[in-house]
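Report on the structure
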Amino acid sequence: MHTKTMEGLAGANMNMKLLNTPFCVYKEAERRGDKAAMERAMGYVGEFADKAEDYQKIAEKGMKEDAKEAREKAKIEQENAIRKRKEEREEQEKTIAESRNGDADTVSISESGKAASDGKSASVQDGTDNNIFVEETVDAIKMEPVIYTKTGETAKPEPSTNISVSI
């Protein structure tokens, strides 16, 4: 918060509180019928009200300065973020360019690896018999879903649970 804003708010608040005292004096003088005391008290009320307005204007100026500083700060932060993103993008482009050069690793797959990637085991394709059949490997892949407890153990579903939905 800007110092002008704090000064304005504090001054306006204090003058509004001080305004109550001469106003009470005015009400008391009015009950007694003392017009001279009423006029003096209203003069003080007017002075305190004018001072409160002045402090209010100071507070408004301070708030405008606060808003201006906040806009400038936001603009600087935005520019820094944009600059940082550009630097990161340039670094990524450099790494991509380096990887496109001849320095990349190559992978070669053997014939047995190619056969395994096709979904067939190498032993079946070579004609050797290791007592592994393609159907068994497919069954091993198609397993029932498993539910785990909070402790990490497998929980077996209750077979007697029947769920029915009626619409």
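The preceding data block contains the structure.
Every chain's residues receive numbers from 1 upward, in the order its sequence appears when written. Side-chain atom pairs in this predicted model are given and counted only at pLDDT of 80 or more, local residue features only at pLDDT of at least 70, and totals for whole chains, interfaces and linings cover all residues. The side-chain numbers reported here are obtained from all heavy atoms of the structure, hydrogens and water having been left aside.

A word on the overall build of the protein chain
The condition is simple: Starting at the N terminus, helices and strands are each numbered in turn, a helix being any DSSP run of H or I of at least four residues and a strand any DSSP run of E of at least two. Contacts were defined at the residue level, with two residues in contact if any of their heavy atoms lie within 4.5 Å. Computed with the Shrake-Rupley method and a 1.4 Å probe, the accessible areas treat only the protein chains shown as cover for residues.
Looking only at helices and strands, the protein chain features 5 helices and 2 strands. In the protein chain, the succession of helices and strands from N to C terminus is α-α-α-α-α-β-β. Expressed as a percentage of contacts within the protein chain between residues at least 6 apart in sequence, the contacts between residues at least 24 apart total 58%. When the accessible surface of the protein chain is split by element, carbon and sulfur atoms take 53% of a total near 14,900 Å².

Observations regarding the packing of aromatic side chains
Here a ring pair, both rings aromatic, is described through the centre-centre distance and the interplanar angle of the planes. Basically, it comes down to this: Any two rings among Phe, Tyr and Trp, with Trp reduced to its six-membered ring, count as a pair given centres within 6.5 Å; such a pair is stacked if its planes are under 30 degrees apart, edge-to-face if over 60, and tilted if neither.
Taken as a whole and judged by the stated rule, the model has 1 aromatic pair. Between Phe23 and Tyr26 the ring centres are 6.1 Å apart and the planes differ by 25 degrees, which places this aromatic pair in the stacked class. With Phe23 and Tyr26 both in helix 1 (residues 3–32) and 3 residues apart, the pair spans about one turn of that helix.

Looking at the pattern of salt bridges
For clarity, the threshold we go by: Basic side-chain nitrogens of Lys or Arg form a salt bridge, by our definition, when they fall within 4 Å of a carboxyl oxygen of Asp or Glu. Here's how the labels work: a residue is buried when its accessible area is under 20% of the maximum for its type, exposed when over 50%, partly exposed in between, all with a 1.4 Å probe on protein chains only.
Evaluated as defined, the whole model comprises 3 salt bridges. With a closest N to O distance of 3.3 Å, Glu65 and Lys4 form a salt bridge. Of this pair, Glu65 sits in helix 2 (residues 35–100) while Lys4 sits in helix 1, and the two are 61 residues apart along the sequence. Between Arg31 and Glu28 there is a salt bridge, with its nearest N and O atoms 3.0 Å apart. Of this pair, Arg31 and Glu28 both sit in helix 1, separated by 3 residues, roughly a single helical turn. With relative accessibility at 65%, the residue Arg31 sits in the exposed group. For Glu28, a relative accessible area of 38% puts it in the partly exposed group.

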